[in-house]
Amino acid sequence: MIWDHALWMTYLSMAFGGLVFSGFPPLTHTSVQRLVPREYQGRVMGIRGSLIAIGMPVGSYLSGSIGEWLSSSTVIGYSGLIVVLVGMLLFTIRSFRTI
């Protein structure tokens with residue numbers, strides 16, 4: 001979406017992203033239920049929910065602020081790039097991979 005501004009390409013990219021992401025929320029809830037001891041599950045789910053509740057508005061605010069200087073497709077592209085880089089960084093940390 002950064003380089004191609006055709007509407008059909010945007011729809012195709014968003015559909016592909018939805019297909020890739022659609023299994024993630026149920027998988028994360030299942031993995032928390034299986035990996036976290038039962039007495040800590042409420043705390044972990046609460047912390048995850050709080051981070052998501054805080055992260056969404058903060059991310060919207062930051063992308064809107066950056067949107068003053070950059071086009072929306074560039075902001076989306078840079079956000080995706082940052083997500084990939086953080087994922088690669090976390091993948092290199094052994095203790096994070098063995099959780």
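The rules we used
- Residues numbered from 1 in each chain as written.
- Predicted model: local features only at pLDDT ≥ 70, side-chain atom pairs only at ≥ 80, totals over all residues.
- Heavy atoms only, no water.
- Helix = DSSP H or I, 4+ residues; strand = E, 2+ residues; numbered from the N terminus.
- Rg over C-alpha atoms; globule rule 2.2 N^0.38 Å.
- Buried < 20%, exposed > 50% of the residue type's maximum accessible area, 1.4 Å probe, protein only.
- Areas by Shrake-Rupley, 256 points an atom, 1.4 Å probe, with all protein chains shown as cover.
- Phe/Tyr/Trp six-rings, centres within 6.5 Å; stacked < 30°, edge-to-face > 60°.
- pLDDT = per-residue confidence, 0-100.
- Expected span 1.5 Å × (residues − 1).
- Contact = heavy atoms within 4.5 Å.

Peer 1: Just to check I follow, could you spell out the overall build of the protein chain for this structure?
Peer 2: Looking only at helices and strands, one finds five helices and zero strands in the protein chain. Rg of the C-alpha trace for the protein chain: 17 Å, well past the compact-globule value of 13 Å for 99 residues, more than 25% over. Along the first, second and third principal axes, the C-alpha atoms of the protein chain reach 50 × 25 × 25 Å. Looking at the protein chain as a whole, 8% of its 99 residues qualify as buried. Surface accessibility of the protein chain: about 8,300 Å² in total, with carbon and sulfur atoms responsible for 73%.

Peer 1: How should I be thinking about the packing of aromatic side chains in this particular structure?
Peer 2: Two measures describe an aromatic ring pair: the distance that separates the ring centres and the angle between the ring planes. Enumeration over the complete set of coordinates arrives at one aromatic pair. With a centroid separation of 5.6 Å and 35° between ring planes, the pair formed by F21 and F24 is classed as tilted.

Peer 1: Please explain the confidence of the model for the protein chain as it appears in this structure.
Peer 2: Predicted coordinates in regions of low pLDDT should not be interpreted in detail. Taken residue by residue, the protein chain gives an average pLDDT of 84. The fraction at 70 or more is 96%. At the low end of the mean pLDDT range in the protein chain sits helix α5 (residues 94-97), at 75; at the high end sits helix α4 (residues 72-92), at 87.

Peer 1: Explanation requested: α4 in the structure shown.
Peer 2: Residues that lie three or four places apart on an α-helix share one face, since the helix turns once every 3.6 residues. Between its first and last C-alpha atoms α4 spans 31 Å; for 21 residues at 1.5 Å apiece the expected length is 30 Å, and the two agree. Considering only its buried residues, α4 is in contact with α3 (41-66).

Peer 1: Any chance you could explain the environment of I76 here in plain terms?
Peer 2: Within the secondary structure, I76 is located in helix α4. Looking at I76, the relative accessible area reads 46%, which means it is partly exposed. Separated by 60 residues in the primary sequence, I76 and F16 place their C-alpha atoms 15 Å from one another.

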